[in-house]
Amino acid sequence: MGVNIQFSQSYYWLNSWIFANIIQLATQDFCDKFIDYRMDPGRRLYDQMVMAARCGVANIAEGSARHSTSIETEMRLLDVARASFDELQGDIFNFLLRKNAEIWPIGHPDREAIWQMRLDAPQYSNSYLHDAAKHILAQKAKIDYWLKNSDSQTAANALLVLCLRENKMLQSQIKSQLESFRQTGGFTENMTAERLEARKAQAVAAKSPACPKCGKPMLKRMQKRGQGQGREFWGCSDYPNCNGLRRIGTNPD
């Protein structure tokens with residue numbers, strides 16, 4: 001596959017990041033309106049909810065920015081983001097329990113309306129920061145009827161549904177990255193492949209001896225263990241597919 005360093009802010013086009021920003025904005029508004037001193041005298045719940053939403057957005061961005069250099073790191077950070085939204089979901093769930101409120105079941109018309117709402121595809125120009133801000137607010141406006149509702153139970157239920165949807169988005173994204181890793185490997189594997197290809201080209205240019213088993217050019221290698229540790233030898237450039245060897249100084253013919 002080779003190594004390809006991509007644009008590090010490509011996450012602006014991810015629905016999971018756009019949706020996460022909607023959740024962050026909605027959480028900030030919800031806490032300002034409904035998490036008051038009577039429910040949260042020390043302001044710890046307010047801070048935890050706002051920070052959980054903020055961490056979700058930040059980890060999606062950081063993870064996706066690492067896609068080119070470490071798919072493993074990307075998957076780990078996406079999973080951290082998923083855990084952050086799980087934490088936020090738990091706080092909202094507890095808020096509704098304290099209110100002795102109904103949590104919308106599957107099939108509830110409001111729940112289904114939010115669950116089925118689809119985001120528009122981003123249409124960004126070179127001013128993608130400007131365009132992304134407009135796009136996020138336009139998508140949030142589709143749900144503002146519930147998110148900005150004066151009834152705290154309606155707003156909380158809406159946020160709960162958004163957290164559930166975000167969780168499923170991130171789960172699908174992690175599974176997709178895992179499949180990509182299985183197919184193409186990660187940065188370390190591809191860097192190794194790039195290095196081997198460069199060494200093969202050097203071997204051909206230097207007219208190194210041909211492998212006695214498969215005929216491909218050989219590379220100078222060094223024995224790493226045993227009695228001959230540190231001794232150089234010729235090894236097949238197609239290793240591990242071929243394990244042909246020659247001693248340095250032997251006649252190639």
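Basis of the calculations
Residues numbered from 1 in each chain as written. Predicted model: local features only at pLDDT ≥ 70, side-chain atom pairs only at ≥ 80, totals over all residues. Heavy atoms only, no water. Pairing = 2+ DSSP bridges. Helix = DSSP H or I, 4+ residues; strand = E, 2+ residues; numbered from the N terminus. Salt bridge = Lys/Arg side-chain N within 4 Å of Asp/Glu carboxyl O. Buried < 20%, exposed > 50% of the residue type's maximum accessible area, 1.4 Å probe, protein only. Expected span 1.5 Å × (residues − 1). Core = buried A, V, L, I, M, F, W, Y, C linked by side-chain atoms within 4.5 Å. Contact = heavy atoms within 4.5 Å. Axes fitted to C-alpha atoms, helices over the stretch in contact; angles between N-to-C directions. Parallel < 35°, antiparallel > 145°, perpendicular 65-115°, else oblique. Left-handed = near helix turned anticlockwise from the far one by under 90°. Nonpolar A, V, L, I, M, F, W, Y, C, P; charged D, E, K, R; others polar. Phe/Tyr/Trp six-rings, centres within 6.5 Å; stacked < 30°, edge-to-face > 60°. Lys NZ or Arg CZ within 6 Å of the ring centre and 35° of its normal. Lys, Arg positive; Asp, Glu negative; His and termini not counted. Arc of directions from axis to C-beta.

A. A look at the pairing of strand 2 (residues 232–236). In this structure, strand 1 (residues 218–222) lies alongside strand 2, joined through five bridges in antiparallel fashion. For methionine 218, the partnering residue across the bridge sits in strand 2 and is cysteine 236. Across three bridges, strand 2 lies against strand 3 (residues 245–247) in antiparallel orientation. Within strand 3, the residue paired with tryptophan 234 across the bridge is arginine 246.

B. Quick peek at the pattern of salt bridges. Across all of its chains, the model carries eight salt bridges by this definition. With a closest N to O distance of 3.1 Å, glutamate 72 and arginine 76 form a salt bridge. Of this pair, glutamate 72 and arginine 76 both sit in helix 3 (residues 71–98), four residues apart, which is roughly one turn of that helix. Here glutamate 72 falls in the partly exposed class, since its relative accessible area comes to 44%. Taking the shortest distance from any N to any O, the salt bridge between glutamate 112 and arginine 111 comes out at 3.6 Å. Residue classification places glutamate 112 among the partly exposed residues on the basis of a relative accessible area of 23%. Accessibility expressed as a relative area gives 11% for arginine 111, which makes it buried.

C. Molecular detail of helix 1 (residues 15–34). Here helix 1 spans 28 Å end to end across 20 residues, near enough to the 28 Å set by a 1.5 Å rise per residue. Most of helix 1 sits inside the fold, with 14 of its 20 residues counted as buried.

D. Quick peek at the nonpolar core. Core analysis: the largest hydrophobic core is formed by 55 residues, its most contacted members being Trp17, Phe30, Ile35 and Leu88. Element by element, the count of residues in this core is highest for helix 7 (residues 152–184), at eleven residues. Setting aside residues no more than four positions away along its own chain, leucine 88 makes contact with Ile23, Thr27, Met49, Ala52, Ala53 and Cys163. By size, the runner-up hydrophobic cluster in this structure holds five residues, among which are Cys211, Trp234, Cys236 and Cys242.

E. Structural view of the packing of helix 1 against helix 2 (residues 44–65). Contact pair helix 1 / helix 2: the axes reach a minimum separation of 9 Å and the direction vectors enclose 165 degrees. If you check the angle between helix 1 and helix 2, you find them roughly antiparallel. Here helix 1 runs over helix 2; the crossing is left-handed. Every residue of helix 2 that contacts helix 1 at Ser16, Trp17, Ala20, Asn21, Gln24, Thr27, Gln28, Phe30, Cys31 and Asp32 is listed here: Tyr46, Met49, Val50, Ala53, Arg54, Val57, Ile60 and Ala61. Here the contact of helix 1 with helix 2 is built from residues that sort into eleven nonpolar, five polar and two charged.

F. Structural context of the packing of aromatic side chains. By the definition in use, this model includes nine aromatic pairs. Between the aromatic rings of tryptophan 13 and tyrosine 124, the centroid separation amounts to 4.9 Å while the plane-to-plane angle is 65 degrees, which identifies the pairing as edge-to-face. Remark: tyrosine 124 occurs in the loop between helix 4 (109–116) and helix 5 (128–141) and tryptophan 13 occurs in the segment before helix 1; sequence separation between them is 111 residues. By relative accessible area, which is 39% here, tryptophan 13 ends up partly exposed. For tyrosine 124, a relative accessible area of 16% puts it in the buried group. With a centroid separation of 5.2 Å and an interplanar angle of 55 degrees, the aromatic rings of phenylalanine 30 and phenylalanine 34 are classed as tilted. In this pair, phenylalanine 30 and phenylalanine 34 both sit in helix 1, four residues apart, roughly one turn of the helix. Considered together, phenylalanine 30 and phenylalanine 34 belong to a single accessibility category, that of buried residues. An aromatic cluster is defined as three or more aromatic residues linked by ring pairs; in this entry it consists of Tyr11, Tyr12, Trp13, Trp17, Tyr124 and Tyr128. The ring of tyrosine 46 is capped by arginine 43, whose NZ or CZ atom sits 3.9 Å from the centre of that ring.

G. Spatial organisation of the side chain of aspartate 91. For aspartate 91, the position within the fold is in helix 3. As a buried residue without a salt bridge, aspartate 91 has its nearest oppositely charged side chain in arginine 98, at a separation of 8.8 Å.

H. Just helix 5, in detail. With 14 residues, helix 5 should cover 20 Å at 1.5 Å per step; its first-to-last C-alpha distance of 20 Å lies within 8% of that length. Among the residues of helix 5, those classed as buried are Tyr128, Asp131, Ala132, His135, Ile136, Gln139 and Lys140. Burial along helix 5 is one-sided: seen end-on, the buried residues are contained in an arc of 165 degrees. Turned more than 90 degrees off the buried face of helix 5, the exposed positions are His130, Lys134 and Leu137.

By themselves these figures say nothing about function.
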